[in-house]
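# Chain and residue survey
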Amino acid sequence: MARLKLEIIIKYILVFSIIFNLIEFSVIIKENYFLNKQKKILEAQLEKNKKFDARTIWDAYKDFNTKDPNIFFYLGPLEFKEDKNEILPLSIIAKENIFLYANDHGYYPVYKSDRYGFKNLDIEWEKKIIDYVLVGDSFLQPGNIDKSIGHHIRSITLTQNGILDLSHGSFGPLYQYAVLREYLPLINAKKVILFYFESNDLTNLQNHLKNSILQKYLKNIKFTQNLHLKQKIINKIYEDKHLSKSNKFNNYTNNRTWLEEIEDYKKNNWLLFFKYYHTRKILFKQKKQNKKKVEDYLYVLDLINKFVDQNDAKLYFVYVPEINRYIDGVPIRRASQNYKKILKGVKNLNIEYLDLHKEFYLKQKNPLIYFPLESYGHVNELGFNNISQILVEKFN
């Protein structure tokens, strides 16, 4: 009897093992098929766009560093999240030349950071009225300052008032709330535009909720680090971090071209095969956990909305979709499946919003032309130009 039970158990294990392997194998074959297809598109686009800077990040940085030995490699504020400093910086070093490794616009930007370590012309802080404050993550970072969304908005509106960008790479919702708490009271802002990136903002929020200093912004409405008075400390923290990591910039990731990165993705897919990554993703949707992530986000968004209102400004929300929505056969990420829930929550909070998926990309014959080389990456300059036009029309 015991032997019979053991044989049945072994059969079940074998059956489930075969099913799981088939699921995993089919998903990987499908994903790698589309990666190969994407690689061919990328090769054709690179051949067509000769001016596109296809150097690796490290090669580009070496060239810039040769011309300007004092240039800083961009390290976002999240570099300091796990450090035990007296403060948690929400910006980077001020008034220094920064090499930005996002070449989505066909070149590697270099800009001079403003007085508080953001990507603006410093004079913007002097203006009595700030028409637009932009808050988001790396979506807003590509391009030089004179090619940014803020610049395009100025060109469209012809405003003489200020436009400030308080964004940084990987800035999740809690960082966005904290940066507004610290810097919005310093200015006379009229509109705050918050950019929500669907594929990672929920995950970033869960990760950042663990930080003890960021938690204080949630627990105490009066809490502040007074960071605008501590820029010298932030500069020193950034310089020390930059020095400690300078010998690590020449790493594997920074030495990969876009085409080589696609090959890396394909290899990584086969490594995930042995972890049943895709199978677990399909079978276990974690609905309860997903629901909590959405609830946490809407809670923080409500705090942002109230704080912006207390500072006599108005909050606007921009839903930024991921590129996977427009590549045939490629599934969207799990967080992106909360699309309707997020927009319903935004509507319930009475926040005006722009849905770029519905109001922009779905109206295009080929949405991929607004991404670098019609491939993965942040929105290109053509995309910035068009999105800026829609923003002005929607929120003016």
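For the structure, see preceding data.
Residues numbered from 1 in each chain as written. Predicted model: local features only at pLDDT ≥ 70, side-chain atom pairs only at ≥ 80, totals over all residues. Heavy atoms only, no water.

### Comments concerning helix H13 (residues 381-395)
Counted at 1.5 Å a residue, the expected span for H13 with its 15 residues is 21 Å, and the 21 Å between its end C-alpha atoms agrees. The complete set of buried residues in H13 reads Gly383, Phe384, Ile387, Ser388, Ile390, Leu391, Val392 and Phe395. For H13, the elements touching its buried residues are helix H3 (149-157), strand S6 (189-197), strand S7 (314-320), strand S8 (352-355) and helix H12 (356-359). Of the residues flanking the start of H13, the one acting as N-cap is Asn380, its side-chain oxygen 3.2 Å from the backbone nitrogen of Leu382. (Helix = DSSP H or I, 4+ residues; strand = E, 2+ residues; numbered from the N terminus. Expected span 1.5 Å × (residues − 1). Buried < 20%, exposed > 50% of the residue type's maximum accessible area, 1.4 Å probe, protein only. Contact = heavy atoms within 4.5 Å. Polar contact = N/O pair within 3.5 Å; in protein donor to acceptor, adjacent residues only side chain to side chain.)

### With respect to the sheet that holds strand S1 (residues 72-73)
The strand order S1-S2-S3 describes an open sheet built from 3 strands, whose pairing is mixed. Two strands bound the open sheet, and with one partner strand each, they are S1 and strand S3 (110-112). Inspection of the sheet shows strand S2 (residues 97-99) paired to S3 by 3 bridges, in the antiparallel sense. By the bridge assignment, Phe99 is partnered in S3 with Val110. (Pairing = 2+ DSSP bridges.)

### Topic: unusual backbone geometry
Most peptide bonds take the trans configuration, and most residues that are not glycine carry a negative phi. Within the chain, Ser170 stands out as a residue other than glycine whose phi angle is a positive 65°. Of note, Ser170 is situated in the loop between strand S5 (162-165) and helix H4 (173-183). Even without being a glycine, Asn350 presents a positive backbone phi close to 60°. Within the secondary structure, Asn350 sits in the loop between helix H11 (339-348) and S8. Classification of Asn350 by relative accessible area gives exposed; the value is 71%.

### So, the nonpolar core
The biggest cluster of nonpolar side chains holds 73 residues, and the ones touching the most others in it are Val133, Leu180, Tyr297 and Phe317. With near-sequence residues (within four places) excluded, Leu180 lies in contact with Val133, Val135, Leu166, Pro185, Val192, Ile304, Phe307 and Val308. By size, the runner-up hydrophobic cluster in this structure holds 32 residues, among which are Leu140, Ile163, Val330 and Leu368. (Core = buried A, V, L, I, M, F, W, Y, C linked by side-chain atoms within 4.5 Å.)

### Regarding the side chain of Lys81
Structurally, Lys81 can be placed in the loop between S1 and S2. Here Lys81 falls in the buried class, since its relative accessible area comes to 17%. Separated by 2.6 Å, the side chains of Lys81 and Glu82 make a polar contact. Apart from residues no more than four positions distant in its own chain, Lys81 is found in contact with Leu88, Tyr175, Asn207, His208 and Asn211.

### Things to note about the pairing of S8
Look at any regular strand and the pattern is simple: side chains alternate between the two faces of the sheet. Looking at chain direction, S7 and S8 are connected through 4 bridges and run parallel. By the bridge assignment, Tyr316 is partnered in S8 with Glu352. Taken together, S7, H11 and S8 form a β-α-β motif whose crossover is right-handed. (Right-handed = clockwise from strand over helix to strand, strands pointing away.)

### Observations regarding the environment of Ile237
For Ile237, the position within the fold is in helix H7 (residues 231-245). With a relative accessible area of 11%, Ile237 lands in the buried category. Ile237 sits 152 residues away from Asn85 along the chain, and the two C-alpha atoms are 8.0 Å apart.

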